[in-house]
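An overview of the molecular structure
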Amino acid sequence: MRKIVFFCTILLLIPRVALKAGAQETNSKQSVTAAPAQPVHYYHFDFVVENLDAAGKVVNSRSYSTTVDTESHALTSIRTGSRIPIVTGSIETKPAPTAEFQYVDVGVDLDIRDVHEVGRQLAFDLTANLSGEASPAQPGQDPNHPVIRQNRWASRVLVPIGKRTVVFTSDSLDSKGSTSVAVTATPIED
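Residues numbered from 1 in each chain as written. Predicted model: local features only at pLDDT ≥ 70, side-chain atom pairs only at ≥ 80, totals over all residues. Heavy atoms only, no water.

Let us look at the overall build of the protein chain. Looking only at helices and strands, the protein chain features 1 helix and 8 strands. When the 190 residues of the protein chain are sorted by exposure, 28% land in the buried category. Accessible area of the protein chain: about 13100 Å², with a carbon and sulfur share of 56%. (Helix = DSSP H or I, 4+ residues; strand = E, 2+ residues; numbered from the N terminus. Buried < 20%, exposed > 50% of the residue type's maximum accessible area, 1.4 Å probe, protein only. Areas by Shrake-Rupley, 256 points an atom, 1.4 Å probe, with all protein chains shown as cover.)

Right, dumping it as structure tokens:
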């Protein structure tokens, strides 16, 4: 008889213990999901692409700007450039032959993704693609077939907020100079 009473008591307590454990589990889940979200901040990015001569003096500089945020993690892109026609052949037509062209895109492509704050710095993925016609033309080079120079970089970068930072640099292929990309991230205040 004592065994029957003992088992009945246990059977009656099981639903209460299960409900209490379920309530505790729900409360712990709510506390995990209720963690405060990081506030969204917006930044103005100023990029400067510089060509330097052998002495380190800036001979050409181009600026590009955009706005990014710390929430969306979406791709932000800057595209600027030209399409250069390159003669690829000719077709015999009357009264004179007609030239055939192929167009090549040259310019600057900057892609920014996954911007987030790390203390007083910003971390983000940056891809830069700089291309253009080589200059000056080499002696004996056919002007209808220009040489296209290209610099490509892709990296995760960390820059201090409000301070100009060179993020990429490389030597030029057709001179003793170099090319660099610098960025300044300025907070946009509310």
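As summarised here, the arrangement of the 4 strands in space is β3-β4-β5-β6, forming an open sheet in which the pairing is antiparallel. Strands with a single pairing partner mark the edges of an open sheet, and in this sheet they are β3 (76-91) and β6 (148-160). Each strand of the sheet is rotated relative to its neighbour by a mean of 10°, with strand direction disregarded. (Pairing = 2+ DSSP bridges. Axes fitted to C-alpha atoms, helices over the stretch in contact; angles between N-to-C directions.)

With that settled, consider the pattern of salt bridges. One pass over the structure, following the stated rule, counts 6 salt bridges. Among the salt bridges present, the one from Arg79 reaches Asp111, with a minimum N-O distance of 2.8 Å. Of this pair, Arg79 sits in strand β3 while Asp111 is found in strand β4 (residues 98-118), placing the two residues 32 residues apart along the sequence. We note a salt bridge from Arg83 to Asp105, for which the minimum N-O separation is 2.9 Å. You can see Arg83 sitting in strand β3 and its partner Asp105 sitting in strand β4, a full 22 residues away along the chain. On the basis of relative accessible area, Arg83 is assigned to the exposed category, the value being 52%. Through salt bridges that share partners, Arg79, Asp109 and Asp111 make up one connected network. (Salt bridge = Lys/Arg side-chain N within 4 Å of Asp/Glu carboxyl O.)

Turning to the side chain of Glu50, a few remarks are in order. Tracing the backbone shows Glu50 in strand β1 (residues 42-52). Of the residues examined, Glu50 reaches a relative accessible area of 15% and is grouped as buried. Side chain to side chain, Glu50 and Arg164 meet in a polar contact 3.2 Å long. Other than its neighbours up to four places away in sequence, Glu50 contacts Val58, Asn60, Ser61, Arg164, Ser178, Thr179 and Ser180. (Polar contact = N/O pair within 3.5 Å; in protein donor to acceptor, adjacent residues only side chain to side chain. Contact = heavy atoms within 4.5 Å.)

Here we come to the pairing of strand β8 (residues 178-188). By the criterion of burial, β8 is predominantly enclosed, with 8 of the 11 residues buried. Two strands pair when backbone bridges link them, and β1 and β8 are joined in this way by 11 bridges, in the antiparallel orientation. In the strand pairing of β8, Glu50 is matched with Ser180. Two elements, strand β7 (residues 165-171) and β8, share 6 bridges in a ladder whose sense is antiparallel. Residue pairing for β8: Thr165 is matched across the bridge by Val183. The hairpin formed by β7 and β8 contains 6 residues between the paired strands.

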